Amino acid sequence: MLNLILLGPPGAGKGTQAVKLKDKYNIPHISTGDIFRKNIKEGTELGKKAKEYMDKGELVPDEVVIGIAIARLREGDCGGGFLLDGFPRTVHQADELSRHFEDTGGKIDLVIDIVVGKDELVRRLSGRRVCKSCGATYHVTGMPSKVDGVCDECGGELFQRTDDTEETVSNRIEVYNQQTKPLVEYYEKKGNIVHIDGTTGLENVFSDITKSIEA
Ligand code: ADP
Ligand code: ADP
Ligand code: ZN
């Protein structure tokens, strides 16, 4: 049983590390952003609602997100643990998550806070490219695919997320500082958070995270 949360600003590398962590520990990767993007693609009501906020770089309202995240945690494949990426993002979401564990008797084993400064976040987000088919993430200069615009994993087409424009990116970092950063202190009080330098390179970040998990 391993219940993990990945915290950190947009562009810190949560999604990139999540792919490696889910394979190593064999736990499902739960990204609320991915759930919303899937719903947008499928044209559901949830997708339409979420898109209004995502395109502006705002958070989707708590009353929409919380139900979806908790319902996902109740699914059978989370019984042996899970990796939450991008949830919780507000103190209210974190409180509701704690309440869920009070009800079910589980707990968060570790909150992994990936730390990266603003200039690097902007550089990463404006150069991020994502595979249309499998969701693999690249960076145009930092982590390029072997063939320009083509996914190494599946041959799918790479695209730029509509919320990765320079204007939306600064707003998302601002929103993070105001609404999500307070969670660092929130989990410090609970005593189950570690801070990981997210600028040391993909493999070093991964090994720092796994050392903390296994400490
Ligand atoms: P998040 O899920 O936290 O928003 P991503 O994992 O999508 O972040 O990464 C954001 C961008 O930064 C992507 O373009 C990714 O390729 C790149 N990136 C991820 N980890 C690193 C790293 N350790 N060093 C440099 N660039 C990275
Ligand atoms: P990133 O890690 O690059 O910030 P995500 O894929 O985690 O991107 O999130 C993309 C967008 O989806 C966010 O900017 C926000 O609008 C919405 N979103 C995702 N998770 C949440 C959440 N827990 N609460 C509110 N909005 C969320
Ligand atoms: Zn792909």
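Before any of the text, the structure's been laid out above.
Predicted model, so just to flag it, every value in this text is computed and none were measured.

Rules used in this analysis
Position numbers for residues start from 1 in each chain and track the written sequence from start to end. Chain letters start at A and ligand numbers start at 1, both assigned in the order the entries are written. Where local features are concerned, this predicted model is filtered to residues with pLDDT of at least 70; where side-chain atom pairs are given and counted, the filter is 80 or more; whole-chain, interface and lining totals use all residues. Note that water and hydrogens are dropped before the side-chain values are worked out from all heavy atoms of the structure. Helix and strand labels come from DSSP, where a helix needs a run of H or I of at least four residues and a strand needs a run of E of at least two; each type is numbered from the N terminus. Radius of gyration here uses only the C-alpha atoms, and the compact-globule reference equals 2.2 Å multiplied by the residue count raised to the power 0.38. For every residue, the accessible area obtained with a 1.4 Å probe (protein chains only) is divided by the maximum for its type, and the residue is called buried under 20%, exposed over 50%, and partly exposed between those limits. Note on definitions: salt bridges are taken to be side-chain nitrogens of Lys or Arg within 4 Å of carboxyl oxygens of Asp or Glu. For two strands to be treated as a pair, DSSP must find at least two bridges joining them. We call a residue near a given molecule or strand whenever any one of its heavy atoms falls within 4 Å of it. As used in this structure description, the phrase polar contact means that two N or O atoms lie within 3.5 Å; if the pair is within protein, one of them must be able to donate a hydrogen and the other to accept it, and residues adjacent in sequence are counted only when both atoms belong to side chains. For the area figures, the Shrake-Rupley method with a 1.4 Å probe applies, and any residue is considered shielded solely by the protein chains shown. By definition in these notes, contact holds between two residues if any of their heavy atoms fall within 4.5 Å. Helix span, expected: 1.5 Å multiplied by one less than the number of residues in the helix. Ligating atoms shown are N, O and S within 2.8 Å of the metal, or 3.2 Å for Na, K and Ca, and water is not included, meaning a site may look less than complete. By the criteria applied here, four donors are tetrahedral when all angles lie between 85 and 135 degrees, four are square planar and six octahedral when opposite donors are over 155 degrees apart and every other angle lies between 65 and 115, and any other arrangement is irregular.

### Comments concerning the overall build of the protein chain
Move 1: In terms of regular secondary structure, the protein chain is built from nine helices and eight strands.
Move 2: Against the 2.2 N^0.38 benchmark of 17 Å for 215 residues, the protein chain shows a C-alpha radius of gyration of 17 Å, consistent with a compact globule.
Move 3: A principal-axis box enclosing the C-alpha atoms of the protein chain has dimensions of 50 × 40 × 35 Å.
Move 4: Put simply, the protein chain has 215 residues, and 47% of those count as buried.

### Re the pattern of salt bridges
Move 1: As enumerated under the stated definition, the model contains 18 salt bridges in all.
Move 2: Between Arg-123 and Glu-120 there is a salt bridge, with the nearest N and O atoms lying 3.0 Å from each other. Of the two residues, Arg-123 and Glu-120 both sit in helix 6 (residues 118-126), three residues apart, roughly one turn of that helix.
Move 3: Arg-123 sits in the partly exposed class, given a relative accessible area of 39%.
Move 4: As a salt-bridge pair, Glu-157 and Lys-132 come within 3.6 Å of each other at their nearest N and O atoms. Placement of the pair is Glu-157 in the loop between strand 6 (137-139) and strand 7 (158-159) and Lys-132 in the loop between strand 5 (128-131) and strand 6, with a sequence separation of 25 residues.
Move 5: Taking relative accessible area as the criterion, Lys-132 reaches 42% and is therefore assigned partly exposed.
Move 6: If you follow the salt bridges from partner to partner, you end up with Arg-128, Arg-161, Asp-163, Asp-164 and Arg-172 in one network.

### Examining the pairing of strand 5
Move 1: Pairing of strand 5 with strand 6, which is carried by three bridges, proceeds in the antiparallel orientation. Each residue of the ladder has a partner; that of Val-130, found in strand 6, is Thr-137.
Move 2: The antiparallel hairpin formed by strand 5 and strand 6 contains five residues in its connecting segment, where Gly-135 sits at a positive phi of about 85 degrees.
Move 3: With two bridges joining them, strand 5 and strand 7 adopt antiparallel strand pairing. Within strand 7, the residue paired with Cys-131 across the bridge is Leu-158.

### So, the site of ligand 2
Move 1: In the vicinity of ligand 2 there are 19 residues, among which Thr-32, Arg-37, Glu-58, Arg-89 and Arg-172 approach most closely.
Move 2: Between ligand 2 and the protein, one listed contact pairs an oxygen atom with a side-chain N or O atom of Lys-14 at 3.3 Å.
Move 3: Gly-86 is positioned such that a nitrogen or oxygen atom in its backbone is 2.9 Å from a nitrogen atom of ligand 2.
Move 4: Contact with the protein chains removes 96% of the 550 Å² of surface that ligand 2 exposes when unbound.

### What to know about unusual backbone geometry
Move 1: Between Phe-87 and the following residue, Pro-88, the backbone shows a cis peptide bond with an omega angle of 0 degrees.
Move 2: For Pro-88, the location among the structural elements is in the loop between strand 3 (81-85) and helix 5 (91-104).
Move 3: With a phi angle near 55 degrees, Asn-26 is a residue other than glycine that sits in the positive phi range.
Move 4: By the element assignment, Asn-26 lies in the loop between helix 1 (14-25) and strand 2 (29-31).

### Observations concerning the environment of Val-115
Move 1: Positionally, Val-115 belongs in strand 4 (residues 110-115).
Move 2: Of the residues examined, Val-115 reaches a relative accessible area of 43% and is grouped as partly exposed.
Move 3: A sequence separation of 82 residues divides Val-115 from Asp-197, and the C-alpha atoms of the two residues are 5.1 Å apart.
Move 4: Every residue in contact with Val-115, bar those within four places of it in the chain, is listed here: His-195, Ile-196, Asp-197, Gly-198 and Thr-199.

### Some words on helix 4 (residues 62-73)
Move 1: Helix length check: helix 4 (twelve residues) gives 16 Å between terminal C-alpha atoms against 16 Å at 1.5 Å per residue, within 8%.
Move 2: Listed as buried for helix 4 are Asp-62, Val-64, Val-65, Ile-66, Ala-69, Ile-70, Arg-72 and Leu-73.
Move 3: The inward-facing, buried residues of helix 4 contact strand 2, helix 2 (32-42), helix 3 (45-54), strand 3 and helix 5.

### As for the coordination of the zinc ion (ligand 3)
Move 1: For the zinc ion (ligand 3), every protein donor is listed as Cys-131 (SG), Cys-134 (SG), Cys-151 (SG) and Cys-154 (SG), and the spread of their distances is 2.3 to 2.4 Å.
Move 2: For the zinc ion (ligand 3), the four donor atoms are set out with angles of 99 to 115 degrees between them, so the coordination reads as tetrahedral.
Move 3: Written as a sequence motif, the donor arrangement for the zinc ion (ligand 3) is C-x2-C-x16-C-x2-C.

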